[in-house]
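Descriptive structure summary
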Amino acid sequence: MLKYLCGVLLTLGSVFGPCAQAASVLFLSPGSTHEAFWVSYGQFMQAAATDLGMDLRILYSQRMPELTIAQARTALQGPDRPDYLVFANEQYVAPQILRLAQGSGVKLFMVNASLTDNQLSLLGERPDRLGSLVPNDEEGGYLMLKELIRQHPPVAPGQSIDLLAFSGLKITPSAQLREKGMLRALAEHPEVRLRQLVYSGWTRDRAYEQAKMLFRRYPQVSLVWSANDEMAFGAMQAYAETGRKPGVDALFSAFNTSPAALQAIIDGRLSVLLGGHFTLGGWAMVELHDIDQGVDLNQYGGRDRQLPLLQLIDKTQARRMLAMGDAPDFGVNFRHLSAKGRPTSYRYPFNLQTLMH
């Protein structure tokens, strides 16, 4: 029926114009439907799609890169191809996805983790790779440890502060960058000793099991750095089971603004929280909408950009973000952010302040 109506309108001439079809976007989420971060990420992305009049589908790979590749193969080589495929270079899946995309007609956009320099030099530039948006992960890892150290009581000369660190996966760019930032901060504070860095695969259970052993091995630990909230909660549980109190006897930190993490910063169980990067998918939808409207991203800040999304969240901001989570559109007018028709001096206001205006 829709095709028939379109045909009628086209034969009548250009009075009404052609029937516009919503641009279709498929996002391959590397996370799980049980992870608060990736759930909120998808919700924000859907809010953007709804406001922008775009058709969004999200598939979760449950942290299995082989499933991401299988989903990409179906999307890129099957009969029902999206206009745009959005994905992260989690566990370095991007080269395989780019190979699958050749000749598919589907345009590609990367979020959270883009091509590494080595991958880019090997694969080269391609017209179907539209761009990428990534967060300031290295700076985030740096800021988190700096704030942990700032909050810790000073120690006497010759004494040290013991630190434990829980990271995600060795082959995840975001984990590598956050670790790099942490080590940069560590180099500025010789009074802090990193007793051990472990990889907990982003999961609470793994971090809990590791932390039980580590707190026995290093009973003097008073700073705990974690690359996400789930691992922080696992470490905090293990610490509480020793009879000590997170936020009092040791300072804990985390990335991600899940409701549980926001409440923990309010309650004082978490001492340092960084977040804001759950908005990346939504901002990517704004850029895809503009690309679909003929906007050249190179004129508005570039097609591959790092956004300073990761920032320290204090108790006041945490309360505001908890309250904002009840709004289905997050209170953001995504259409208003479009660069369409704006002067080339315009820059997308993709930051946490836009969310908490």
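Reading the values: rules and limits
- Residues numbered from 1 in each chain as written.
- Predicted model: local features only at pLDDT ≥ 70, side-chain atom pairs only at ≥ 80, totals over all residues.
- Heavy atoms only, no water.
- Helix = DSSP H or I, 4+ residues; strand = E, 2+ residues; numbered from the N terminus.
- Rg over C-alpha atoms; globule rule 2.2 N^0.38 Å.
- Buried < 20%, exposed > 50% of the residue type's maximum accessible area, 1.4 Å probe, protein only.
- Contact = heavy atoms within 4.5 Å.
- Areas by Shrake-Rupley, 256 points an atom, 1.4 Å probe, with all protein chains shown as cover.
- Lys, Arg positive; Asp, Glu negative; His and termini not counted.
- Charge placed at Lys NZ, Arg CZ, Asp CG, Glu CD.
- Salt bridge = Lys/Arg side-chain N within 4 Å of Asp/Glu carboxyl O.
- UniProt positions renumbered as here; feature names shortened; annotations may be inferred.
- Axes fitted to C-alpha atoms, helices over the stretch in contact; angles between N-to-C directions.
- Parallel < 35°, antiparallel > 145°, perpendicular 65-115°, else oblique.
- Left-handed = near helix turned anticlockwise from the far one by under 90°.
- Nonpolar A, V, L, I, M, F, W, Y, C, P; charged D, E, K, R; others polar.
- Pairing = 2+ DSSP bridges.
- Polar contact = N/O pair within 3.5 Å; in protein donor to acceptor, adjacent residues only side chain to side chain.

**Here's the deal with the overall build of the chain**
Scanning the chain for helices and strands turns up 13 helices and 12 strands. For 357 residues, the compact-globule estimate of 2.2 N^0.38 gives 21 Å, and the C-alpha radius of gyration of the chain, at 22 Å, lies within 12% of that figure. The principal-axis extents of the C-alpha atoms in the chain amount to approximately 85 × 40 × 35 Å. Counting only residues that meet the buried cut, the chain has 55% of its 357 residues in that class. Considering only residue pairs separated by 6 or more positions, the chain has 73% of its internal contacts joining residues 24 or more positions apart. Of the roughly 16100 Å² that the chain leaves accessible, carbon and sulfur atoms contribute 53%. Computed over 34 positive and 33 negative side-chain charges, the separation of the two mean positions in the chain equals 2 Å.

**Let's talk about the environment of Glu179**
The topology assignment puts Glu179 in helix H7 (residues 173–187). With relative accessibility at 9%, the residue Glu179 sits in the buried group. Leaving out residues up to four positions away in the same chain, Glu179 has contacts with Ser167, Leu197, Tyr199 and Trp225.

**Some remarks on the pattern of salt bridges**
Inspection of every chain in the model, using the stated rule, returns 17 salt bridges. Of the charged contacts in the structure, one is a salt bridge between Glu188 and Lys146, with a shortest N-O distance of 2.9 Å. On the criterion of sequence distance, the pair formed by Glu188 in the loop between H7 and strand S7 (192–199) and Lys146 in helix H6 (residues 137–151) is long-range, its members being 42 residues apart. Here the salt bridges do not stand alone but share partners, grouping Glu125, Arg129, Arg303 and Asp304 into one network.

**Some points on the UniProt feature "domain: Periplasmic binding protein" (unreviewed entry) in the chain**
The UniProt record marks residues 27–276 with the feature "domain: Periplasmic binding protein" (unreviewed entry), using the residue numbering of this structure. Structurally, residues 27–276 comprises 44% helix and 22% strand, and the distance from its first C-alpha atom to its last is 19 Å.

**Notes on the packing of H6 against H7**
For the pair H6 and H7, the least separation of the axes is 6 Å and the interaxial angle reads 40°. It follows from the interaxial angle that H6 and H7 lie oblique. As H6 runs across H7, the sense of the crossing is right-handed. Between H6 and H7, the residues in contact are Asp137, Glu138, Glu139, Gly141, Tyr142, Leu145 and Lys146 and Ser174, Leu177, Arg178, Lys180, Gly181, Met182, Arg184, Ala185 and Leu186, respectively. Tallied by class, residues from the contact of H6 with H7 come to 6 nonpolar, 3 polar and 7 charged.

**Observations regarding the sheet that holds strand S3 (residues 84–87)**
Reading across from one edge, S2-S1-S3-S4-S5-S11 is the order of the 6 strands in this open sheet, with parallel pairing throughout. With partners counted over all chains shown, the strands left at the sheet margins are strand S2 (55–60) and strand S11 (304–307), one partner each. Strand-to-strand twist of the sheet, defined as the mean angle between neighbouring strand axes without regard to direction, takes the value 15°. Sheet topology places strand S5 (residues 129–135) next to S11; 4 bridges connect them, and they run parallel.

**Focus on the environment of Trp283**
Looking at the element boundaries, Trp283 is found in helix H11 (residues 280–292). With a relative accessible area of 0%, Trp283 lands in the buried category. Here the alpha-carbon distance between Trp283 and Ser29, two residues 254 residues apart in the chain, equals 15 Å. A polar atom in the side chain of Trp283 sits 2.8 Å from the side chain of Thr279.

**Structural notes on the environment of Ser222**
Checked against the element boundaries, Ser222 lands in strand S8 (residues 221–226). When its relative accessible area of 13% is taken as the criterion, Ser222 is described as buried. The spacing of Ser222 and Leu163 is 59 residues in sequence and 6.4 Å in space, taken between C-alpha atoms. When sequence neighbours within four positions are dropped, the list of residues in contact with Ser222 reads His152, Ile161, Asp162, Asp249, Ala250 and Leu251. For Ser222, the side chain forms a polar contact with the side chain of His152, separated by 2.9 Å.

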